[in-house]
Amino acid sequence: DKMSEEELDEKLPHISVYARVAPEHKIRIVKAWQKRGDIVAMTGDGVNDAPALKQSDIGVAMGITGTEVSKDAASMILTNDNFSTIVKAVITGRNVKNSINYLLSGNFAGILCVFIASLLLLPTPFFPVHLLFMNLITDSLPAIAIGMETGKNGVLKEKPRSSSDSILNKSLLKVL
């Protein structure tokens, strides 16, 4: 309560875990981290956590012991109330980006072919069943393999991408 915004800004980077914090302080801490340009994750299980869960970039509620209010405010609910699940979710989320990159680059040729045929008023190069069959053959097994990846070493040491960054970025366009 007695700490000014400047004092909070100064001490913020040196504190990694907050406990026994009042609800209004939770929101203040979340906003202070966001003001610094950081992605903020907040965990909670009670009604008093709901405002900060909603304010944070990634609100994580406890699924077993958490209140319905905290679950509604959160963007992720831990069904087992085990914090190690958060780590697994981050790794899985970073693998999803790889899957999207693969699927977009793999299907780009078909998209381009249909687009050019449409522009030139040519007959449809593929029937829908052809596209479905090609996707089944070319995408199924690689997508399953990418989905089963455990994640590369050090994936958690990478900084999160900025919330303003798009998945369709320059590095993906180079692959296409």
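The structure this text deals with has already been given above.
Residues numbered from 1 in each chain as written. Predicted model: local features only at pLDDT ≥ 70, side-chain atom pairs only at ≥ 80, totals over all residues. Heavy atoms only, no water.

Enquirer: Would you mind showing me how to read the nonpolar core here?
Expert: Considering soluble globular proteins, one finds that nonpolar side chains tend to be buried as a cluster. Membership of the largest hydrophobic core is limited to twelve residues, which are Leu8, Leu12, Ile29, Val30, Ala32, Trp33, Val40, Met42, Ala50, Ala52, Leu53 and Ala73. In this structure Leu12 touches Tyr18, Ile29, Ala32, Trp33 and Arg36, once residues within four positions along its chain are discounted. (Core = buried A, V, L, I, M, F, W, Y, C linked by side-chain atoms within 4.5 Å. Buried < 20%, exposed > 50% of the residue type's maximum accessible area, 1.4 Å probe, protein only. Contact = heavy atoms within 4.5 Å.)

Enquirer: What should I look at first to understand the layout of surface pockets in this one?
Expert: If a probe the size of a water molecule is rolled over the atoms, the empty space left behind becomes visible. Looking at the largest pocket, its volume works out to about 2000 Å³. Forming the boundary of the largest pocket are 50 residues, of which Ile39, Val40, Ala41, Ile58 and Val90 lie nearest the centre. Among the elements of the structure, helix H2 (23-35), strand S1 (41-44), strand S2 (58-62) and helix H5 (84-119) are those that each provide at least two residues to the lining of the largest pocket. The greatest single-element share of the lining of the largest pocket, amounting to ten residues, is contributed by H5. (1 Å grid on protein atoms, 1.4 Å probe; cavity = no way out; pocket = protein on both sides within 12 Å on 5 of 7 lines; lining within 4 Å. Points joined across faces, edges and corners; volume = space filled by probe spheres on them. Helix = DSSP H or I, 4+ residues; strand = E, 2+ residues; numbered from the N terminus.)

Enquirer: What should I look at first to understand the sheet that holds S2 in this one?
Expert: Within a sheet, neighbouring strands are paired by backbone hydrogen bonds and run either parallel or antiparallel to one another. Strand order across the open sheet formed by three strands is S1-S2-S3, with parallel pairing between neighbours. Looking at strand neighbours, the two that pair on one side only are S1 and strand S3 (76-78), the edges of this open sheet. The sheet shows a mean angle of 25° between the axes of neighbouring strands, taken without regard to direction. Where S2 meets S3, three bridges bridge the pair, whose relative direction is parallel. Within S3, the residue paired with Met62 across the bridge is Leu78. Here H5 sits on the sheet in contact with S1, S2 and S3, set at roughly 135° to S3. (Pairing = 2+ DSSP bridges. Axes fitted to C-alpha atoms, helices over the stretch in contact; angles between N-to-C directions.)

Enquirer: Could you clarify how one ought to interpret the pattern of salt bridges in this entry?
Expert: Side-chain pairs of opposite charge can arise where the charged atoms are in close proximity. All told, the structure shown has four salt bridges when counted by the stated rule. With a closest N to O distance of 3.6 Å, Asp9 and Lys35 form a salt bridge. A residue pair is termed long-range when its members are at least 10 positions apart, and Asp9 in helix H1 (residues 5-11) and Lys35 in helix H2 qualify at 26 residues. Residue Asp49 pairs with Lys26 through a salt bridge whose shortest N-O separation is 2.2 Å. Taken together, the residues Asp49 in the loop between S1 and helix H3 (50-55) and Lys26 in helix H2 connect sequence positions 23 residues apart. For the pair formed by Asp49 and Lys26, the shared burial category is buried. (Salt bridge = Lys/Arg side-chain N within 4 Å of Asp/Glu carboxyl O.)

This is a description of form; function is not addressed.
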